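# A closer look at the structure
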Amino acid sequence: MTFSAPQPAQIEAAYAIARERYAALGVDTEAAMTTLATVSLSLHCWQGDDVSGFENPGGPLEGGIAATGNYPGKARNGDELRSDLDLVYRLLPGRHRLNLHAIYAETGGVKVSRDELRPEHFATWLDWAKANNHGIDFNPTCFSHPLAADGMTLAHPDPAIRRFWIDHCIACRRIGAHFGRELGTPCITNIWIPDGTKDTPVDRLGPRQRLRESLDAILAEPLDPAHNRDAVEAKLFGIGSESYVVGSHEFYLGYAVSHPGVLICLDSGHFHPTEVISDKISSVLLFVDELLLHVSRGVRWDSDHVITLADETQAIMQEVVRGGFLTRTHIGLDFFDASINRVAAWTIGARNALRALLIALLEPTDRLRKLELNGDTTARLALLEELKGMPWQAVWDVYCYRNDVPVGISFLNEIRRYEAEVLSARG
């Protein structure tokens, strides 16, 4: 089935009406699109190969992580993964980044220990990023490794194992700084670890003391923030760490607040199903300078489903815009769905993140805030409900059209052609 796109005249006509409708509410649609163009999403490389990486692609995925599904066409090497990403970027309006994990090093077939990784092992990624004007963000990979098999890394009671992971994270910070220096845009190096226990531990304090000491050792080397920014990421639970996670939200929030310059990462799938990160953003940004968001969609647990234009996706972006936090917030995506076309998953999720952000930018925020301050919550509610029916899609369509990317669902046509010509040949 082929999906048709609206004609340019239709796009412009619909936009003209939308522009007038929004102007009546005091919203400048052109300004909203100009602001949206300044936002670079950080696309996660691991959607393309189910978090396999290149170190041991046939090995098991461990560390409380699971990718479900076996849709054909999975990327098997760096060239295939970059080819898939190239298509995704062509289907997104704007200029965007890449979020890379350490297990995506390309070492020419030579076995390189994770604590010995160097910038040259990512030279192909860097050349590709330069050629395409992408920034790169980076992550140590503290899972799917023999020294993480018992569920502990930076909080491990064995000093030798702990030292291995400290050295790995130090190496990753230096690689991140190299990316930032070469690309002229800071690399966000984000530390997430799987450390925790399946059952309730007697000693909750000891592992957290060791984690704090490990982080202090990792971050001891000063790096230019123009090249590298450090972030720490919490989680509520994982497979194998259902009862206790060392790096809880409270632990990392305390660490970030007490260590100026360290970002806290809020992942929308890493909290209890009754919690939402949209409610945490304003509190966190009162005490830390910058924030890293990993936008995902948990379904009953941290299942990392493809982002939809759901209430929480919109609430996250609304909070970022309403609080004036765009310049202090780094927005990344974090999901991996192997049950559908992986390129489509990337594209659908990223376009939804951008659409949610545009919807937030099309709010008459000052007017809503004034109504609230004046106690007119009746008008506030009425206006918020009216906005739900406003023609934001017409603004999105013209934004895509002006950026020379497919309008509407017609982007799926290019993905289907790519699947037939490229993905199907991978077996």
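Residues numbered from 1 in each chain as written. Predicted model: local features only at pLDDT ≥ 70, side-chain atom pairs only at ≥ 80, totals over all residues. Heavy atoms only, no water.

### Details of the overall build of the protein
Going by this rule: Per the convention used, a helix needs a DSSP run of H or I reaching at least four residues, while a strand needs a run of E reaching at least two, with both numbered from the N terminus. Computation of the radius of gyration draws on C-alpha atoms, with the globule rule given as 2.2 Å multiplied by the number of residues to the power 0.38. Three labels apply to residues, based on accessible area from a 1.4 Å probe with only protein chains included: buried if under 20% of the type maximum, exposed if over 50%, partly exposed otherwise in between. By the convention used here, residues are in contact when the closest approach between their heavy atoms is within 4.5 Å. Using a 1.4 Å probe, the Shrake-Rupley method yields the accessible areas, and only the shown protein chains count as cover for residues.
Looking only at helices and strands, the protein features 14 helices and ten strands. Taken over C-alpha atoms, the radius of gyration comes to 22 Å for the protein, in line with the 22 Å a tight globule of 427 residues would show. Its C-alpha atoms give the protein principal-axis dimensions of about 65 × 55 × 40 Å. Evaluated residue by residue, the protein yields a buried proportion of 54% over its 427 residues. Looking at the protein alone, contacts between residues at least 24 apart form 81% of all its contacts between residues at least 6 apart. Carbon and sulfur atoms make up 52% of the accessible area of the protein, which totals about 18,300 Å².

### Describing the nonpolar core
As a reminder, the rule being used: The term nonpolar core refers to a set of buried residues drawn from Ala, Val, Leu, Ile, Met, Phe, Trp, Tyr and Cys, joined through side-chain atoms within 4.5 Å.
By size, the foremost hydrophobic cluster in this structure holds 128 residues, and its most contacted members are Leu100, Trp125, Leu154, Leu215 and Leu293. Top element by residues in this core is helix α10 (residues 342-361). It accounts for 13 residues. Every residue in contact with Trp125, bar those within four places of it in the chain, is listed here: Phe54, Leu81, Arg82, Leu85, Leu98, Leu100, Tyr104, Glu106 and Ile136. Among the nonpolar cores identified, the runner-up in size contains five residues, and Ile188, Ala231, Cys265 and Leu292 belong to it.

### Section: the state of the cysteines
Which entries qualify depends on this criterion: The criterion for a disulfide is a pair of cysteine sulfur atoms lying within 2.5 Å.
In total, this model carries zero disulfides according to the counting rule given. Not part of a disulfide, Cys45 finds its nearest cysteine sulfur in Cys187, a span of 12 Å. Between Cys187, a free cysteine, and Cys172, which holds the nearest cysteine sulfur, the sulfur-to-sulfur gap is 9.6 Å.

### What to know about the environment of Cys265
Examined against the element boundaries, Cys265 turns out to sit in strand β8 (residues 263-267). Separated by 74 residues in sequence, Cys265 and Ile191 place their C-alpha atoms 9.0 Å apart. For Cys265, the contacting residues outside a window of four places in its chain are Asn190, Val232, Glu233, Ala234, Leu292 and His294.

### Concerning helix α5 (residues 159-183)
Which entries qualify depends on this criterion: Multiplying 1.5 Å by the residue count of a helix minus one yields the expected span of that helix. Think of a polar contact as two N or O atoms within 3.5 Å of one another; within protein, one of them needs to be a possible hydrogen donor and the other a possible acceptor, and neighboring residues in sequence only count if both atoms come from side chains.
Across its 25 residues, α5 extends 36 Å between first and last C-alpha, which sits within 8% of the 36 Å expected from 1.5 Å per residue. Measuring from the side-chain oxygen of the N-cap residue of α5 to the backbone nitrogen of Ala160 gives 2.9 Å; that N-cap residue is Asp158.

### Notes on the pattern of salt bridges
Cut-off, in case you're wondering: Basic side-chain nitrogens of Lys or Arg form a salt bridge, by our definition, when they fall within 4 Å of a carboxyl oxygen of Asp or Glu.
Overall, the coordinates contain 23 salt bridges when judged by the stated rule. Two residues, Arg380 and Glu372, come together in a salt bridge whose shortest N-O distance is 2.8 Å. Overall, the relative accessible area of 27% leaves Arg380 in the partly exposed class. Looking at Glu372, the relative accessible area reads 44%, which means it is partly exposed. In this structure, Glu385 engages Lys388 in a salt bridge whose closest nitrogen and oxygen atoms are separated by 2.8 Å. Residue class for Glu385 comes out partly exposed when judged on its relative accessible area of 42%. One salt-bridge network, in which partners are shared between bridges, spans Arg76, Glu80, Asp84 and Arg426.

### What about the packing of helix α4 (residues 123-132) against α5?
Using the following cut-off: Think of each axis as a best-fit line through the C-alpha atoms, taken over the contacting stretch in the case of a helix, with angles from 0 to 180 degrees between the N-to-C directions. Should an angle lie under 35 degrees it is considered roughly parallel, over 145 roughly antiparallel, and from 65 to 115 roughly perpendicular; all remaining angles are considered oblique. Handedness of each helix crossing follows the sense of rotation of the near helix against the far helix: counterclockwise by less than a right angle gives left-handed, clockwise gives right-handed. Under the scheme applied, nonpolar residues are Ala, Val, Leu, Ile, Met, Phe, Trp, Tyr, Cys and Pro; charged residues are Asp, Glu, Lys and Arg; polar residues are all the others, including Gly.
It is at 11 Å that the axes of α4 and α5 come closest, and there the two elements cross at 30 degrees. Looking at the two axes, α4 sits roughly parallel to α5. Crossing of α4 against α5: the hand is right-handed. Residues Leu126, Ala129 and Lys130 of α4 touch α5, and the partners they reach there are His178, Phe179, Glu182 and Leu183. Broken down by class, the residue content of the contact of α4 with α5 amounts to four nonpolar, one polar and two charged.

### Concerning a nonpolar patch on the surface
The cut-off we apply is this: Patch membership is restricted to residues that have no salt bridge and whose relative accessible area is over 30%. Joining uses 9 Å for like charges and 5 Å for the nonpolar side chains Val, Leu, Ile, Met, Phe, Trp and Tyr.
Judged by side-chain polarity, Val257, Leu286 and Phe287 come together as a nonpolar surface patch covering roughly 340 Å² of accessible area. One can find Val257 in helix α7 (residues 249-258).

### Considering the UniProt feature "binding site: Mn(2+)" (unreviewed entry) in the protein
Let me state the cut-off plainly: UniProt positions are given in the numbering used here, feature names are shortened, and annotations may be inferred rather than shown by experiment. Definitions used for this entry: grid spacing 1 Å over protein atoms alone; cavity, a set of points where a 1.4 Å probe fits but cannot get out; pocket, an open set with protein on both sides within 12 Å along at least 5 of 7 lines; lining residue, one with an atom within 4 Å of a point.
In the numbering adopted here, UniProt assigns the feature "binding site: Mn(2+)" (unreviewed entry) to His270, Asp302 and Asp304. A maximum C-alpha distance of 9.4 Å among these annotated residues, which run over 35 residues, shows that they cluster at one spot. Taking the annotated residues in turn, His270, Asp302 and Asp304 line the largest cavity. Examined against the element boundaries, His270 turns out to sit in the loop between β8 and α8 (281-284). With near-sequence residues (within four places) excluded, His270 lies in contact with Trp192, Glu233, Ala234, Lys235, Leu236 and Asp302. Secondary-structure assignment places Asp304 in the loop between β9 (291-295) and α9 (311-322). At 2.8 Å, the side chain of Asp304 and the side chain of Ser296 are in polar contact.

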